[in-house]
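Here's the letter readout for the chains.
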Amino acid sequence: MAIPSQTIEQIAAANDIVEVIGSYFPLKRAGANFKALCPFHQEKTPSFHVSPQRQTFHCFGCGVGGSVFRFVMDYEHIDFPSAVRKLAARVGIPVIEERGPSDAEDRQHEARRTLLQLHGETAGWFHENLIKKEFAEPARKYLKERGITAEIAKRWRLGYAPDEWDAFGSWARGHGYETQKLIASGLIKTKEDADGSPGQRSYDRFRDRIIFPICNDIGEVIAFSGRLLKEKEGAPKYLNSPETPLFRKGSVLFGLDKTKRALIEVNCAIVCEGQLDLISLFEAGITNVVAPQGTAFTESQARMLKRLVDEVVLCFDSDAAGKQAAERSLDALLQNDLIVRVAEIPPGDDPDSLVRREGKEEFEKRIVAARDFFDYWIEHEVAEVDLASLGAKMQLARSLAETVSRVHDPLMRGEVASKISGRLGVPVQDFQALFPKQSRNSGIRSDQSRSGATVPPRHDVAMLCLVALRDEAARDFLREQNWREILAQVPDAEILVRILESDLRPSESASLNAFMATLSPADEGLVSSWLLQKVPPNAGTMVEKWWFGIRQGVLRRQLDVAKNRIRLPQLSTGELVNLQKEILDLLKELHELPQLSSATRIDS
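Residues numbered from 1 in each chain as written. Predicted model: local features only at pLDDT ≥ 70, side-chain atom pairs only at ≥ 80, totals over all residues. Heavy atoms only, no water.

Q: Where do I start with the overall build of the protein chain in this structure?
A: Counting secondary structure elements, the protein chain contains 28 helices and 17 strands. Taking all 604 residues of the protein chain together, 48% fall into the buried category. Of the contacts formed within the protein chain by residues at least 6 apart in sequence, a portion of 66% connects residues at least 24 apart. Summed over its atoms, the accessible surface of the protein chain is roughly 29900 Å², and 50% of this surface lies on carbon and sulfur atoms. (Helix = DSSP H or I, 4+ residues; strand = E, 2+ residues; numbered from the N terminus. Buried < 20%, exposed > 50% of the residue type's maximum accessible area, 1.4 Å probe, protein only. Contact = heavy atoms within 4.5 Å. Areas by Shrake-Rupley, 256 points an atom, 1.4 Å probe, with all protein chains shown as cover.)

Q: Hey, could you run me through the nonpolar core in this one?
A: Proteins that are soluble and globular tend to have nonpolar side chains buried together. Grouped together as the largest cluster of nonpolar side chains are 45 residues, with contacts concentrated most on Leu 469, Ile 499, Trp 530 and Trp 547. Looking at this core, the elements with two or more residues in it are α21 (459-470), α22 (472-480), α23 (483-487), α24 (494-501), α25 (509-516), α26 (521-531), α27 (539-566) and α28 (573-599). Sort the elements by how many residues they give to this core and α27 lands first, with eleven residues. Residues contacting Ile 499, with those up to four places away along its chain left out, are Cys 465, Ala 468, Leu 469, Arg 475, Leu 504, Phe 515 and Trp 530. (Core = buried A, V, L, I, M, F, W, Y, C linked by side-chain atoms within 4.5 Å.)

Q: What exactly am I supposed to notice about the sheet that holds strand β1 (residues 28-30) here?
A: Strand order in the open sheet formed by five strands is β1-β2-β3-β4-β5, and the pairing between neighbours is antiparallel. Each of the sheet's edge strands pairs with one partner strand only, and the pair in question is β1 and β5 (65-66). In the sheet, β1 pairs with strand β2 (residues 33-36) via three bridges, with the strands oriented antiparallel. Following the sheet pairing, Ala 30 is matched in β2 by Asn 33. (Pairing = 2+ DSSP bridges.)

Q: Which parts of the structure should I look at to understand the environment of Gln 275?
A: Note on placement: Gln 275 falls in helix α11 (residues 275-283). Residue Gln 275 is classed as buried on the basis of its relative accessible area, which comes to 7%. Apart from the residues lying within four places of it in its own chain, the contact partners of Gln 275 are Phe 212, Ser 225, Tyr 238, Phe 254 and Gln 293.

Q: Looking at this structure, how should I read the side chain of Asn 15?
A: Relative to the elements of secondary structure, Asn 15 occurs in the loop between α1 (5-14) and α2 (17-22). A polar contact of 2.9 Å, which involves the side chain of Asn 15, links it to the side chain of Arg 90. (Polar contact = N/O pair within 3.5 Å; in protein donor to acceptor, adjacent residues only side chain to side chain.)

Q: Please clarify how helix α3 (residues 68-76) should be interpreted in this entry.
A: Since one α-helical turn is 3.6 residues long, residues separated by three or four positions face the same way. When you tally the buried positions in α3, you get eight out of nine residues, the bulk of the element. Val 68, Phe 69, Arg 70, Phe 71, Val 72, Met 73, Tyr 75 and Glu 76 are the residues of α3 that are buried. Measuring from the side-chain oxygen of the N-cap residue of α3 to the backbone nitrogen of Phe 69 gives 3.2 Å; that N-cap residue is Ser 67. The positive-phi residue at the C-terminal boundary of α3 is His 77, with phi of around 60 degrees.

Q: What exactly am I supposed to notice about the sheet that holds strand β6 (residues 159-161) here?
A: In any sheet, the strands associate via hydrogen bonds between backbone groups, in a parallel or an antiparallel arrangement. Ordered by their spatial adjacency, four strands build an open sheet running β6-β9-β10-β11, and the pairing between neighbours is antiparallel. With one partner strand each, in any of the chains shown, β6 and β11 (238-240) form the two edges of the open sheet. The sheet shows a mean angle of 35 degrees between the axes of neighbouring strands, taken without regard to direction. Relative to β11, strand β10 (residues 221-228) is paired through three bridges, and the arrangement is antiparallel. Each residue of the ladder has a partner; that of Gly 226, found in β11, is Leu 239. (Axes fitted to C-alpha atoms, helices over the stretch in contact; angles between N-to-C directions.)

Q: What should I look at first to understand the environment of Ala 167 in this one?
A: Here Ala 167 is to be found in helix α8 (residues 167-174). Separated by 40 residues in the primary sequence, Ala 167 and Arg 207 have C-alpha atoms spaced 8.8 Å apart. Leave out the neighbours within four places in its chain, and Ala 167 touches Trp 125, Pro 162 and Asp 204.

Q: Help me out: how do you make sense of the packing of aromatic side chains in this one?
A: Given two aromatic rings, one states the distance between the centres and the angle between the planes to describe the pair. This model, assessed by the stated rule, comprises 26 aromatic pairs. Put simply, the rings of Tyr 24, Phe 25, Phe 40, Phe 48, Phe 57, Phe 71 and Tyr 75 touch in pairs and so form one group of aromatic residues. Sitting over the ring of Tyr 75, Arg 261 keeps its end group 3.3 Å from the ring centre. (Phe/Tyr/Trp six-rings, centres within 6.5 Å; stacked < 30°, edge-to-face > 60°. Lys NZ or Arg CZ within 6 Å of the ring centre and 35° of its normal.)

Q: Sorry if this is basic, but what is going on with the packing of α3 against helix α4 (residues 80-91) here?
A: A pair of packed helices is characterised by two quantities: the angle between their axes and the separation of those axes. Direction vectors running N to C along α3 and α4 enclose 110 degrees, while the axes themselves pass 9 Å from each other. The angle between the axes of α3 and α4 places the two elements in the roughly perpendicular class. Within the contact between the two elements, α3 uses Val 68, Phe 69, Val 72, Met 73 and Glu 76 and α4 uses Phe 80, Ala 83, Val 84, Lys 86 and Leu 87. For the contact of α3 with α4, the class distribution of residues is eight nonpolar, no polar and two charged. (Parallel < 35°, antiparallel > 145°, perpendicular 65-115°, else oblique. Nonpolar A, V, L, I, M, F, W, Y, C, P; charged D, E, K, R; others polar.)

Q: Whenever I open this one, the pattern of salt bridges confuses me. Can you help?
A: Any two side chains of opposite charge can pair if their charged atoms end up close together. Under the criterion given, the structure shown has 29 salt bridges. Its salt-bridge partner being Lys 232, residue Asp 208 comes within 3.8 Å of it at the nearest N-O pair. Separated by 24 residues along the polypeptide, Asp 208 in the loop between β8 (202-204) and β9 (209-215) and Lys 232 in the loop between β10 and β11 bring together distant segments of the chain. Lys 232 gets classed as partly exposed once you look at its relative accessible area, which sits at 34%. For the salt bridge of Glu 265 with Arg 261, the shortest nitrogen-to-oxygen distance reads 3.6 Å. Residue Glu 265 and its partner Arg 261 are both found in helix α10 (residues 256-266); the two are separated by four residues, about one turn of the helix. Given the relative accessible area of 19%, Arg 261 is considered buried. In the salt-bridge network here, residues are joined through shared partners; they are Asp 349, Arg 357, Glu 358 and Arg 366. (Salt bridge = Lys/Arg side-chain N within 4 Å of Asp/Glu carboxyl O.)

As structure tokens, this is what we get:
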């Protein structure tokens, strides 16, 4: 599936980049442009520029830049289609993707669209029940006791599933949804799955539960989690939707669509167990928080977090289950080089009760005081071992070494090993000797640039790029030349080729935005920097100079190759004649270049 280029241009034209970026943080006017501190790197002097004329942004500090789509992608940490849909929704433009040739692909796309529509409408039905229906009074009372007001319930689209076997199914079928699609969505179950249920052929999965919609990171409802309102024998306290084409339990973090920006800004994620914990913290003003769908982190969830933060504070309940959840989360978090700390929660409390009783400031103090995971872990492990016994000490050391060896970052692994060996009274070399062989021998990884910066092309190519992006006449002149043949022989001209072979219209910012959407982040950063530079006043004359300079360089290299080949021994008469003719033709072309320049000068 692909989004048509005309739609991309339409969305770009409807979204003013100054308004879009200004909705995330304040911009200050600086002449014709706007400036701000760059949100993508730490700086004290503003180097982040936004051009309302070109509808682009560029940071001259870190090099990031591009279209309004690139900004939303980088700021929200989402892919290009998601950024397009987000900006389209902002201005009310429908996004109809072009269908691929495959019938199977069409069916998959249609099934996903239907599932998203069903989940969105179902969330509305659950929410209306909670807010308006008399039978939901016990649910409203429970939420009120937990500090959830009607306004908060509306923000999080909380709902209620009636204590009936077929209330939802009847509503959904009445709105045109077939039973098989409802079964595929996991929102209803078949009779064969129900032990002792009444005689319906199908029944609702969620009954007598407070409903929490589960969203993906752009806010689309993809599943539900239901909390039992009244305890029932054999019924789980929390019940999630089953896995569907929309929902993979281990790949979703509850609340991420609302908390992503705060995570990036603070560079730290507070991880709690339940939805109510997260909502209470968020509404109290502690917004850098997420919750896994379950209690332990998966590898996929840890990778998602690593794209946003470097540090995680586990804020699980203080009971045995909470401690086990913290330990089960460790592997996935460490393998993604996340710094892990543990906040102390008093027995009998959870984040929800703590923040409601103590308030935001006291809770934040607990987060600041959170201990390094290994300090927390060692204390609990060492407390259960007789360190006077050499055998017990070495057995504990082996257990700890096996876990520490799974720390991916060698520097972090070395620091943790030193800390643990000191607590155990074991030489650090002896402790590291207990690591598996592959962990002992792994070297320190070389740092990789996060910016993806690329080396700009040489000056004449860069200037041709600039004028081809900014000046219609200069672009027309270049496209009239044999540019494909010439630029194929210029090593760093790939970006100029992309500019010339595109259908961009330099005078239209939406067209420039659509073109930049086809580039890599590094190339988009280059283009955005060129769009913020001034066009030389004599661009028409200069474009000829730069172009014929490039062409002259290509001809001279061809001439050198031909002269070297003609000196080779044992050339046939035919080869010799052909090389002589090639040399004469190249010399003629070189001689005619100045005449070409003066004869074909374009208006500036």
